[in-house]
Amino acid sequence: MKRILIIQTAFLGDVILATPVISELKRIFPSAEIDVLVKKGNESLLQNNPNIRYCVTFDKTKGKYRSMIQLIKQFRSQEYDLTINLHRFASSGIIAGFSGAKKKYGFKKNPFSFLYSKKFEHEISNGTHEVERNLAIIKEFGAVTLKRPDLFPTKSQFDKVKAYQASPYYCFAPASVWFTKQLPKDKWIELIQRYSGLGRIILLGGKDDKNLCNDIIEGAAISNGLNLAGELNLLESAALMKNAQRNFVNDSGPLHIASAMNAPVTAFFCSTIPAFGFGPLSEDSIIREVENLACRPCGLHGHKACPKGNFKCGNELILE
């Protein structure tokens, strides 16, 4: 195997959960050149990854179909021995199917999986982790069944966050794209009040999460809270989370960042459930959820609002 293309154009957490496939392929085929296609905006997650030759981006803002055609032309010129598509939706299936690779592997759920050389099951809710589902695609080559994902912050990125590590600290990532995946604001306020006496409180997130984090710090009325939402990039956040006393996250991207850094983490599952296969993989990990709730889970992904209108899976969640 001389040249391999891996496709994962979903969310940032999905890209992180694809990294075990990258590292296993590099272990099995050490001389192989491995390229990865991700959605524009997620490429920073793979910076410094020693197992990758090129990270290519799919930029839909420049015209989805035009970009797809350009990518297909680019990939066909590379003459890949193997293309692996870990994404389950149409656009990636088309790209993988017409990539020109000698072998094309992916999940049956992709509507264009008929173009693949080999198709694999992707079963949700049976407790199989997403990493296990991904690695099953390369089992025939001798891949392990489960492996923690990995990220590679640089020394300069670790150095940048040193200023925040002079004393014990706790990281909190309160935001999510989906309302029903997000622990309610008053729960975050209660949580950081509990920990404010044990160390510095640091809130993380993107620039769009700045106001939410400010509201939580103000609501908690603590003097040692620091809002770094939008101030750190993804790998800098990863470097900071690695040495935190504990990280508190939703079922969202920061959960998988914690796993990749093997950082201590408590993950809150509101409308979704760990059995979907997206739970934490850190050695020190705790899951908090409301069990035996008839309406839970209400879907594979989150919702913009609670379908029942009461959001019991968040409001009734016990923090400790």
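Residues numbered from 1 in each chain as written. Predicted model: local features only at pLDDT ≥ 70, side-chain atom pairs only at ≥ 80, totals over all residues. Heavy atoms only, no water.

Colleague: Help me understand the packing of aromatic side chains, please; the structure alone is not making it clear to me.
Modeller: Two aromatic rings, taken as a pair, are described by how far apart their centres are and by the angle between their planes. Counted by the stated rule, this structure contains 11 aromatic pairs. Their ring planes at 15° and their centres at 4.9 Å tell us that Phe172 and Phe248 sit as a pair that is stacked. One end of the pair, Phe172, is in strand 7 (residues 169-173); the other, Phe248, is in strand 10 (residues 246-250), with 76 residues separating them in the sequence. Across the pair, Phe248 and Phe172 agree in class, each one buried. By way of ring pairs, the aromatic residues Tyr170, Phe172, Trp188, Tyr195, Phe248 and Phe268 are connected into one cluster. Sitting above the plane of the Phe278 ring, Arg133 keeps its charged end 5.5 Å from the centroid. When the ring centre of Trp178 is taken as origin, the NZ or CZ atom of Lys304, which lies over that ring, is 5.0 Å away. (Phe/Tyr/Trp six-rings, centres within 6.5 Å; stacked < 30°, edge-to-face > 60°. Helix = DSSP H or I, 4+ residues; strand = E, 2+ residues; numbered from the N terminus. Buried < 20%, exposed > 50% of the residue type's maximum accessible area, 1.4 Å probe, protein only. Lys NZ or Arg CZ within 6 Å of the ring centre and 35° of its normal.)

Colleague: What should I look at first to understand the pattern of salt bridges in this one?
Modeller: Any two side chains of opposite charge can pair, given that their charged atoms come close. Enumeration over the complete set of coordinates arrives at 21 salt bridges. Across the salt bridge formed by Lys108 and Glu121, the nearest N and O atoms sit 2.8 Å from each other. Taken together, the residues span a long stretch of sequence, with Lys108 in the loop between strand 5 (103-107) and strand 6 (118-120) and Glu121 in the loop between strand 6 and helix 5 (130-136) at a distance of 13 residues. Residue classification places Lys108 among the partly exposed positions, given a relative accessible area of 43%. As a salt-bridge pair, Asp251 and Lys181 come within 3.9 Å of each other at their nearest N and O atoms. (Salt bridge = Lys/Arg side-chain N within 4 Å of Asp/Glu carboxyl O.)

Colleague: What should I look at first to understand the packing of helix 9 (residues 234-242) against helix 10 (residues 253-260) in this one?
Modeller: Packed helix pairs are characterised by how far apart their axes lie and by the angle those axes make with each other. Where helix 9 meets helix 10, the closest approach of the two axes is 9 Å, and the angle between their N-to-C directions is 60°. When the interaxial angle is binned, helix 9 and helix 10 end up oblique. Remark: the crossing between helix 9 and helix 10 carries right-handed chirality. Each of Leu234, Ala238 and Met241 in helix 9 lies in contact with helix 10, whose residues at this interface are Pro254, Ile257 and Ala258. Its residues assigned to classes, the contact of helix 9 with helix 10 shows 6 nonpolar, no polar and no charged. (Axes fitted to C-alpha atoms, helices over the stretch in contact; angles between N-to-C directions. Parallel < 35°, antiparallel > 145°, perpendicular 65-115°, else oblique. Left-handed = near helix turned anticlockwise from the far one by under 90°. Contact = heavy atoms within 4.5 Å. Nonpolar A, V, L, I, M, F, W, Y, C, P; charged D, E, K, R; others polar.)

Colleague: Please explain the environment of Asp14 as it appears in this structure.
Modeller: Position of Asp14 among the secondary structure elements: in helix 1 (residues 12-16). Under the relative-accessibility criterion, Asp14 is labelled buried at 16%. Beyond its immediate chain neighbours, meaning those up to four positions away, Asp14 contacts Gln8 and Phe278.

Colleague: Would you mind showing me how to read the packing of helix 7 (residues 185-195) against helix 8 (residues 210-220) here?
Modeller: Look at helix 7 against helix 8: their axes get within 9 Å of each other, and the N-to-C directions meet at 55°. Here helix 7 lies oblique to helix 8, going by the angle between them. Judged by the sense of rotation from one axis to the other, the crossing of helix 7 with helix 8 is right-handed. Counted together, Lys185, Trp188, Ile189, Ile192 and Gln193 of helix 7 and Leu212, Asp215, Ile216, Ile217, Gly219 and Ala220 of helix 8 form the full contact between these two elements.

Colleague: Just checking my understanding: could you explain helix 8 for this structure?
Modeller: Since the α-helix packs 3.6 residues into each turn, any two residues three or four apart lie on the same face. Among all positions in helix 8, only Leu212, Cys213, Ile216, Ile217 and Ala220 are buried. Looking straight down helix 8, one finds its buried side chains confined to an arc of 135°; they lie on one side. Those residues of helix 8 that are exposed and angled more than 90 degrees off the buried face are Asn211 and Glu218. Contact partners of the buried residues in helix 8: helix 7, strand 8 (200-203) and strand 9 (225-227). Of the residues trailing helix 8, Ala221 is marked for its positive phi of about 55°. (Arc of directions from axis to C-beta.)

Colleague: Would you explain the sheet that holds strand 3 (residues 54-58) in this entry?
Modeller: In space, the 6 strands of this open sheet follow the order 3-2-1-4-5-6, with parallel pairing throughout. For this open sheet the edge positions go to strand 3 and strand 6, each flanked by a neighbour on one side alone. Ignoring which end each strand starts from, the neighbouring axes of this sheet average 15° apart. Bridge count for strand 5 against strand 6 is 3 bridges, and the pairing is parallel. The residue bridging Phe107 from the neighbouring strand is Phe120, located in strand 6. Most of the contacts of helix 3 (residues 64-78) go to strand 3, to which it runs at about 155°, and overall it touches strand 1 (3-7), strand 2 (33-39) and strand 3. Along the sheet, helix 4 (residues 90-97) contacts strand 1, strand 2, strand 3, strand 4 (82-85) and strand 5; its crossing angle with strand 4, the most-contacted strand, is approximately 175°. (Pairing = 2+ DSSP bridges.)

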